[in-house]
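# Coordinate inspection notes
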Amino acid sequence: MPEVQKIAIYDMDRTITRRGTYAAFLVHMARSLAPWRLIFLPLVGLVMLGYVLRFIDRRRSKELNQALLMGRRVSRSRILPAVEAYADKVVAANIRSGALARIAQDRAEGYRLLIASASYRLYVEPIARRLGFDDVIATDHFTQGVDYIRAKIAGENCYDVAKLRMIKDWMTAQGIARDEAHVRAYSDHVTDAPMLDFADEGHAANPHEPLRKLALVEGWPIYHW
C-alpha cells in the first residue's frame, strides 16, 4: 500500500490573518513606490462599488485596482523590496496566534502545509515562507516568472470553486492521488465550502455567519483563533 500523504490546506485572509491583506497590499505598494498614486483611492472605491453591484467581476476589479495603485506594468526587481517589507508587516502585526499554534500542530503531525489563497502569489509566497509553509496556490499574474508584473491575472482567480480546481490540479502535478491523501482544510468564508467539502477534515476557522451555519450542518469543527 502506498504511504498516505497528509496535506493541510489553509486559506490565508482572515483565516491565518486577522484582517484582509489585498487592499492593504496595494496601498502599501503605492506608498512605497509612487505615493502620488494614492490620489486614485476614490477610483478604487468606485471599482469596488462596481464589483458589489455586479457591474464587473472579482477578477476584473483586482486588475483595475492594481493598475490604479501599482501601474499597468512594473519591474519585478524594483518592487520586490517593497513586497518583502509588506510580508514582514503582515507577519509582525496581522497573524492570529491560534492559527500559528494550529500550523505548528499540523507540522508536528507530519502534514505538508499549503496555503490556497485568492490573494496574489506575488506577496502570498513571502508570507507563506515566513510562516513555514511548504507550498502555495494563489492567484497568479500573467507575467509570473519574468522580470515585470502586469495588472492582469493568469488563469483563474483562486476563489470559490476555482480554488478547488487549482488544488486538484496542484495535487495532480505533484503526483498525489486523492485516495492516497488525507486532507485537512481551514477557512473563514463560505466561498471555500467546496474546498472544505473536498477535505477529509473541513475546519471553519473564525467563520463569518454563513460559514458558521454551514459548519453546524456539515459537522465541521469551528475555531475562533
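Residues numbered from 1 in each chain as written. Predicted model: local features only at pLDDT ≥ 70, side-chain atom pairs only at ≥ 80, totals over all residues. Heavy atoms only, no water.

### A short note on the packing of aromatic side chains
Applying the stated criterion across every chain, the model contains nine aromatic pairs. Centroid distance Y10 to F133: 5.5 Å. Interplanar angle 85°. Geometry classified as edge-to-face. Note that Y10 is positioned in strand β1 (residues 5-10) and F133 in the loop between α6 (121-131) and β4 (135-141), a separation of 123 residues in sequence. On the accessibility criterion, Y10 (0% relative accessible area) is buried. Note on Y186 and W225: the rings are 5.9 Å apart at their centroids and 40° apart in plane angle, and the pair reads as tilted. Taken together, the residues Y186 in strand β7 (residues 181-187) and W225 in the segment after β9 (222-223) connect sequence positions 39 residues apart. With relative accessibility at 0%, the residue Y186 sits in the buried group. Above the ring of Y22, the side-chain terminus of K62 is found at 5.8 Å from the ring centroid. (Phe/Tyr/Trp six-rings, centres within 6.5 Å; stacked < 30°, edge-to-face > 60°. Helix = DSSP H or I, 4+ residues; strand = E, 2+ residues; numbered from the N terminus. Buried < 20%, exposed > 50% of the residue type's maximum accessible area, 1.4 Å probe, protein only. Lys NZ or Arg CZ within 6 Å of the ring centre and 35° of its normal.)

### A look at a nonpolar patch on the surface
A cluster of nonpolar side chains, L43, L46, L49, V52, L53 and F55, forms an exposed patch at the surface whose accessible area comes to about 630 Å². Mapping L46 onto the fold places it in helix α2 (residues 41-52). The exposed category is assigned to L46, whose relative accessible area is 54%. (Patch = residues over 30% accessible without salt bridge, like charges linked within 9 Å, V, L, I, M, F, W, Y side chains within 5 Å. Areas by Shrake-Rupley, 256 points an atom, 1.4 Å probe, with all protein chains shown as cover. Salt bridge = Lys/Arg side-chain N within 4 Å of Asp/Glu carboxyl O.)

### What about the pairing of β7?
Of all seven residues in β7, six are buried; the element is thus mostly enclosed. Direction of pairing for β1 relative to β7: parallel, over a ladder of six bridges. Directly across from K6, in β7, lies its bridge partner H182. Pairing geometry for β7 and strand β8 (residues 201-205), over four bridges, is parallel. Bridging from a neighbouring strand, S187 pairs with A204 of β8. In terms of handedness, the path from β7 via helix α8 (residues 193-198) over to β8 forms a crossover that is right-handed. (Pairing = 2+ DSSP bridges. Right-handed = clockwise from strand over helix to strand, strands pointing away.)

### Remarks on the packing of helix α1 (residues 22-33) against helix α4 (residues 76-93)
Taken N-terminus to C-terminus, the directions of α1 and α4 make an angle of 130°; their axes are 10 Å apart at the nearest point. With respect to α4, the element α1 is oriented oblique. Crossing handedness for the pair α1 and α4: right-handed. Along its contact with α1, which presents A24, F25, H28, M29, S32 and L33, the element α4 presents R78, I79, A82, V83, A85, Y86 and K89. A class-by-class count of the residues in the contact of α1 with α4 yields nine nonpolar, two polar and two charged. (Axes fitted to C-alpha atoms, helices over the stretch in contact; angles between N-to-C directions. Parallel < 35°, antiparallel > 145°, perpendicular 65-115°, else oblique. Left-handed = near helix turned anticlockwise from the far one by under 90°. Contact = heavy atoms within 4.5 Å. Nonpolar A, V, L, I, M, F, W, Y, C, P; charged D, E, K, R; others polar.)

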